[in-house]
Structure formats: C-alpha cells, structure tokens
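Given next are the chains, with one letter for each unit.
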Amino acid sequence: MAKVSPTKTPMREQLPGERIRNYDEVPFGYSPEEAVLEAKRCLMCKNPKCIAGCPVEIDIPGFIQFIADKKFKEGINLIKEKNILPAICGRVCPQEEQCELECILGVKNEPVAIGRLERFLADWEADQGDIDLPPRPKSTGRKIAIVGAGPAGITVAADLVRMGHAVDMFEALHQPGGVLVYGIPEFRLPKTIVFREINYLEKLGVRLFKDYVIGKIKSIDELLKDFDAVFLGTGAGLPWFLNVPGENLNGIYSANEYLTRANLMKAYLFPIYKTPIIKGKRVATVGGGNVAMDCARTALRLGADKSIIIYRRSQNEMPARNEEIHHAEEEGVIFKLLSNPAAFHGGANNWVKEVECIRMKLGEPDESGRRRPVPIPDANFRMPIDVAVIAIGNSPNPLIPSTTPDIETGKGGNIITDPETGMTSKPGVFAGGDVATGAATVILAMGAGKIAARGIHQYVMDKK
Ligand code: FAD
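Residues numbered from 1 in each chain as written. Predicted model: local features only at pLDDT ≥ 70, side-chain atom pairs only at ≥ 80, totals over all residues. Heavy atoms only, no water.

Caption draft 1: Spatial organisation of the side chain of K266. By the secondary structure assignment, K266 is in the loop between α12 (255–264) and β7 (282–286). Nearest to the buried, unbridged K266 among oppositely charged side chains is E186, at 4.7 Å. Sequence-distant contacts of K266, defined by excluding residues within four places in its chain, comprise K191, R261 and Y273. (Helix = DSSP H or I, 4+ residues; strand = E, 2+ residues; numbered from the N terminus. Buried < 20%, exposed > 50% of the residue type's maximum accessible area, 1.4 Å probe, protein only. Lys, Arg positive; Asp, Glu negative; His and termini not counted. Salt bridge = Lys/Arg side-chain N within 4 Å of Asp/Glu carboxyl O. Contact = heavy atoms within 4.5 Å.)

Written out as structure tokens, the structure reads:
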C-alpha cells in the first residue's frame, strides 16, 4: 500500500489580507484531483468509527471510496440517503468533534478531511446542473405543518414529503433557512447554497409560506384543525445579555441583531441595500463560540481597524470550531482572553466609549466540564471601543409556548420532547433542533429532525 500523507490535502483559500475586504467565501473547496488524493488517505477500516461519530450516520467510508474511484454521482447519492444538506454540513459541521475525531488516521496523523470531501461532492453535483428528483411517492392523504424553515424544519419536511405526506412550511422571516441565512455570514456559507437546498425541497412538493409568524397569525391549536400533526423547529433566537451597567448604551448590539442586519438584510452592501449598521473602528465582541467569531470577522469586513474578542476563559475552552478561530486569528482579530466585561461606559449622546473588564483566572471544571473562570480582585482594566456585540448565547423564543400553555418547557424555555419520537407534551405536536436543546449545531438539529419525522409518520399513520 502506498504511504499515506500524514496531513490533510490542503484546501486553497483567499488570502487573509484580501478576504477581509470582501464578503466572498473564504475556502475555494477541493478540485476533483485534490478530492481523489484526499480520499485515498482513508484507511477503509473494517469497523469504521467515523460513522458513529456522525449524528445522522452517513456511510462515510462508502462515499469516500466512491470519490477514490472517481464515482462522484454515486458518492453524493449515498450521502443524500442520510443528509439532504451536504453542501451546508460540509462547510459548517464541527467535524473535529464528530466524525473526524473518531478517524483512526487521526490517532497519529491528521484525520481524513471528511467535511471537505462531503462539501466537494455536494458542490460537484451542483455544477452538473439539474439535480435528479426522486420519484413522487403515493400520497398518504396526511397533512403536516412545519413551523420554522431552519435545518430542523427542512430535514423534517424533506423526510415527510418523501414518505408521501403533504407538507406546508411556515417561516416567520422573508427568507427560509433559519440561522443558515440570518446568522452565518456569506463568507462562511454562501446563501445561494442554502436557497438551492430550499429550492430542491419545493421541487419535492413542500409548500413554503414566508412572513408567517405562528403564534401571531395562527395559533398551534388552529393549525391542528387543518393538519394531522405539527412540527416546531423554531430555533433559539432569543439573545442573552450580560446584564452589566451601561449595556443599553448606543452602539451595543446583540449578535442576532448585528448579524441579521449584516447578512439577511445585507447591510454590507449599503447603500444598494438600505439597511443601516454602525461601522465601528474599534469593535468588541463578547463570547467565544462560532457566533462570536462570525461577529468579529464581520466587523473587519465592515471596516473595523480593530476587532477584539473578549472571552472569559482561555482559548482551550472556546466552543467555536477550530477552523473559525484559525481564520479569525489569520484575519487579525485580537483575542482578549480571561477577561469579562463588568460595565460599558458612555460618552457624548450616550454612545459607548469604553468597555471595563474584569481579569479572570481558571479554577476547577464546572458542570460543562470546562475550567470555571474566576475573577481576580482589583485587576479591572478599560479599553476604548465604539461598537460592542454581545454573543454569549441564545434561548428559544417564548412566543409559541406562551400561546400554547399545554406545551411543556424546561430549563431555559427549551421545549420538552420525547427522545424516541420528538413528540411534545401536546398530542400531535412535535419539536426538535435548537428549540428543544437550546443553541446547538446544524447537524444535531438535523438529527433531531430525522427522529421527529419518524415519530410524526408513525403518529399520523396510526391516527384514525
Ligand atoms: P434555526 O436555524 O434557528 O431556524 C429556526 C427558524 O424558525 C428560523 O428561520 C425562524 O425565523 C423560524 N421561526 C421562529 N419562530 C417562528 C414562528 N413563531 N413562526 C414561524 N417561524 C418561526 N452550527 C454549526 O453546526 N456550525 C456552525 O458553524 C455554526 N455557526 C453558527 C453561527 C451563528 C451566527 C449562529 C447563530 C449559529 C451557528 N450554528 C452553527 C448553530 C446552528 O446554526 C443552529 O444550531 C441551527 O441552525 C439550529 O437549527 P434549527 O432549525 O433548530 O433553528
């Protein structure tokens, strides 16, 4: 057997100095030759652990073998048996904590670049033009309403329509896609890719109703009069704040508002799009997850001279994907670690002027398993800023539970579901994704969608 390269086949990308002046996607993806080269690094283990590391259990060695054999169509078809969003998952899944973490090659060397190979096949298929539609199944005569067109809702809709159910999808915003469209920036996930997937869903027969807020325009009980079951995939869109003095000053955004203005409302294309956004010169983003990295990198592209991440633990504990941290560092984002805002101070007309931080040290691990940040007394310091973005987490919006009191919620307002079926405490109403787990990941939302689709199918077929 030929000697396997110890490192992943590199993926070409825009240089940092260039890319912070545009909104285009950073990595270019693999060419067919690069993909085949990388696929040949796979050891084709007899007992592949990578499959169990994937929340939707894609046959990873199977599609990699197809790439090695240059059978790209067979490869993408195999992935799509389990995952209808491969172009998205190949770009944003935390592979280093999932499939790639389990790769045997990774014990001594770099694991196989599974995410890059998944992305390659999805992009290859898109380049071929029209995508094959599966044959239309026989109608079951059952109707299902999906609330929310994020990854969870999209997965449920795709699975149910392919089982022969009629599926209507209600989305509050004017664009479907959930966080994929309003949160994750264009330079990480081009929106044409998301719309391509939604388009496929509509071709399968799913009807999409946009600008349609369930809980306002129609209640869940009203939906249940017209549909046999309802799925709630409404995400976790309610931002958390620090609750420190001065947080209501002008120039301080929640990450949700900042990214929604920049991405969904295209403020980066102002004045072609008429969305205003404050383009600070010194922007501080508070948090250490993917959301914080997206805000800090967006600030650079909007013209900030200094984009600073303030995070209360060290880099080891940061929840963001390694690739996002690496890209942010390359682009010049400054990491102010072991620091936590204690207050914001204002200047003229109540615009934010400074952030005051407490210095922290790491103590014993907390319930998350990460070492707890502990304040160091009398070590506060101040930094001049003109914009701050708070990216410390989100919880589900309470609109639906508050208008449907028989849906039980738990910690942080998450909707409680049966882990086997996805059913909530209200018969016929199912839920999954961030609304049930709190803010998590695309692939976990899709995994929950798959469970709920099976639960819904069983429920509506058993219904008299
Ligand atoms: P969402 O994507 O939030 O979709 C919910 C949808 O429901 C939205 O479109 C919303 O408008 C709609 N909705 C809400 N209420 C109603 C209502 N009452 N009526 C009708 N519609 C409603 N995950 C990763 O795996 N990798 C990443 O790199 C990554 N980066 C991220 C970056 C950012 C900035 C953010 C915010 C999140 C990121 N995540 C990432 C997390 C990931 O995007 C989410 O876990 C995932 O999108 C959850 O999917 P969902 O379908 O549950 O919810």
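Caption draft 2: Focus on the nonpolar core. Of all hydrophobic cores here, the largest spans 74 residues; its most connected members are F63 and I67. Look past the residues within four positions of F63 in its chain and what remains in contact with it is I58, G75, L78, I79, I114, L117, E118 and L121. Ranked by size, the runner-up nonpolar core spans 31 residues in total, among them V26, V283, M293 and A391. (Core = buried A, V, L, I, M, F, W, Y, C linked by side-chain atoms within 4.5 Å.)

Caption draft 3: Highlighting the side chain of Q14. Looking at the element boundaries, Q14 is found in the segment before α1 (16–19). Classification of Q14 as buried rests on a relative accessible area of 7%. Ignoring any residue separated from it by four or fewer positions in sequence, one finds Q14 in contact with R19, N22, D24, E25, V26 and F28.

Caption draft 4: Quick peek at the sheet that holds strand β9 (residues 334–336). As summarised here, the arrangement of the 5 strands in space is β6-β14-β7-β8-β9, forming an open sheet in which the pairing is parallel. Each edge of the sheet is formed by a strand with only one pairing partner; in this case those strands are β6 (252–254) and β9. Looking at each pair of strands side by side, their axes are set apart by 20° on average, direction ignored. As paired elements, β6 and strand β14 (residues 387–390) share 3 bridges and run parallel to each other. Looking at β14, one finds that S254 is bridged to I390. α12 contacts β6 and β14 of the sheet and is inclined by roughly 85° relative to β6. Where helix α13 (residues 290–301) meets the sheet, its contacts fall on β7, β8 (306–310), β9 and β14, and the angle it forms with β8 comes to roughly 165°. (Pairing = 2+ DSSP bridges. Axes fitted to C-alpha atoms, helices over the stretch in contact; angles between N-to-C directions.)

Caption draft 5: Quick look at the environment of A145. Along the chain, the position of A145 falls in strand β1 (residues 143–147). Using a relative accessible area of 0% as the deciding quantity, one classes A145 as buried. Linking A145 and V429, residues 284 residues apart in sequence, is a C-alpha distance of 9.6 Å. Setting aside its immediate chain neighbours within four residues, A145 contacts D168, F170, L223, F227, A229, V230 and F231.

Caption draft 6: Spatial organisation of the sheet that holds strand β4 (residues 229–232). Within the open sheet, the 5 strands sit side by side as β3-β2-β1-β4-β16. Their pairing is parallel. The sheet is open, and its two borders are formed by β3 (207–209) and β16 (429–431), each paired with just one other strand. Averaged over all neighbouring strand pairs, the angle between strand axes comes to 20°, with direction disregarded. In the packing of helix α8 (residues 151–162) onto the sheet, contacts are made with β1, β2 (166–170) and β4, and the angle to β2 comes to roughly 165°.

Caption draft 7: Focus on the site of the ligand. Close to the ligand lie 36 residues, the nearest being V92, E171, R188, I214 and D434. One nitrogen or oxygen atom from the main chain of P151 is found 3.2 Å from an oxygen atom belonging to the ligand. Contact between the ligand and T441: an oxygen atom at 3.3 Å from a main-chain N or O atom of the residue. Here the ligand, which alone exposes 1000 Å², has 93% of that area covered by the protein. Here the shell around the ligand takes 3 residues from α13, the largest share from any one element. When its residues are assigned to classes, the shell around the ligand shows 21 nonpolar, 10 polar and 5 charged. (Near = heavy atom within 4 Å. Polar contact = N/O pair within 3.5 Å; in protein donor to acceptor, adjacent residues only side chain to side chain. Areas by Shrake-Rupley, 256 points an atom, 1.4 Å probe, with all protein chains shown as cover. Nonpolar A, V, L, I, M, F, W, Y, C, P; charged D, E, K, R; others polar.)

Caption draft 8: Broad picture of the pairing of β7. When you tally the buried positions in β7, you get 4 out of 5 residues, the bulk of the element. Both β7 and β14 contribute to a ladder of 4 bridges, which runs parallel. Note that in β14 the partner of T285 across the bridge is V389.

Caption draft 9: Just the pairing of strand β11 (residues 352–365), in detail. As judged from the 7 bridges shared by strand β10 (residues 339–346) and β11, these two strands associate in the antiparallel manner. Across the sheet, the residue bridging to G346 is V352, located in β11. Following β10, the chain reverses through 5 residues before pairing antiparallel with β11; N349 in that reversal takes a positive phi of roughly 55°. Pairing analysis gives 4 bridges linking β11 to strand β13 (residues 381–384), with the strands arranged antiparallel. When the bridges of β13 are listed, C357 appears paired with F381.

Coordinates in, geometry out; function isn't part of it.
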